[in-house]
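One letter stands for each residue in the lines below.
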Amino acid sequence: MMLISPAYAQAGGDPTGGLMSLLPLVLIFVVFYFILIRPQQKKAKEHRAMLVDLKRGDRIVTGGGLIATVIRVTADSEEVIAEIARDVRVKVVKSTIQHVMREGTEAPAKQDNKPKAEKSEEKPEEKAEEPPPANDAVPPPKQG
């Protein structure tokens, strides 16, 4: 009776087996780098350059949606003084500035890829003025 089973030698492992198992992970990292990381770095670099080029008289759009005119820029400070209305000046942190509108430009709008309707040579019909909503003149009904 044999109580010990014979031990057989295992075949040597493929030396490229470990490398082949890492290949999908490396491929995923490369794809993420070119699709996500690199464009974000480029966008951040452009934003920093825009803030460095900021000067008096530029119209800016902040992250909160305020449109203002730059009054004073200090190079060593992270703030600018901007005027949002006549004689209404506020301090704005440079990093919250989203867009600088240069001479004659407007805030970036959503681009519509829909084709524009052709203009007709006929005069557009004038619309009659609509009466004010009826609920302004009629008091609400009493309950009870």
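As a reminder, the structure under discussion sits directly above these lines.
Residues numbered from 1 in each chain as written. Predicted model: local features only at pLDDT ≥ 70, side-chain atom pairs only at ≥ 80, totals over all residues. Heavy atoms only, no water.

### Structural notes on the overall build of the protein chain
Tallying secondary structure elements over the protein chain gives one helix and five strands in all. Counting from the amino terminus, the protein chain carries its helices and strands in the arrangement α-β-β-β-β-β. Residues counted as buried form 12% of the 144 residues belonging to the protein chain. Taking as baseline every contact in the protein chain between residues at least 6 positions apart, the subset at least 24 positions apart corresponds to 34%. (Helix = DSSP H or I, 4+ residues; strand = E, 2+ residues; numbered from the N terminus. Buried < 20%, exposed > 50% of the residue type's maximum accessible area, 1.4 Å probe, protein only. Contact = heavy atoms within 4.5 Å.)

### Let's talk about the packing of aromatic side chains
For the structure on display, the rule yields one aromatic pair. On the numbers, 5.2 Å between centres and 80° between planes, the contact of Tyr33 with Phe34 is edge-to-face. Residue class for Tyr33 comes out partly exposed when judged on its relative accessible area of 29%. (Phe/Tyr/Trp six-rings, centres within 6.5 Å; stacked < 30°, edge-to-face > 60°.)

### A few points about the side chain of Thr62
Note on placement: Thr62 falls in strand β1 (residues 59-62). Leaving out residues up to four positions away in the same chain, Thr62 has contacts with Val92, Thr96, Ile97 and Gln98.

### Overview of the environment of Ile60
Positionally, Ile60 belongs in strand β1. By relative accessible area, Ile60 is classed as buried at 0%. Along the chain, Ile60 and Met101 lie 41 residues apart, while their C-alpha atoms are 5.9 Å from each other. Sequence-distant contacts of Ile60, that is, excluding residues within four places in its chain, are made with Leu54, Leu66, Ile67, Ala68, Val70, Ala82, Ile97, His99 and Val100.

Worth remembering: the numbers are spatial, not functional.
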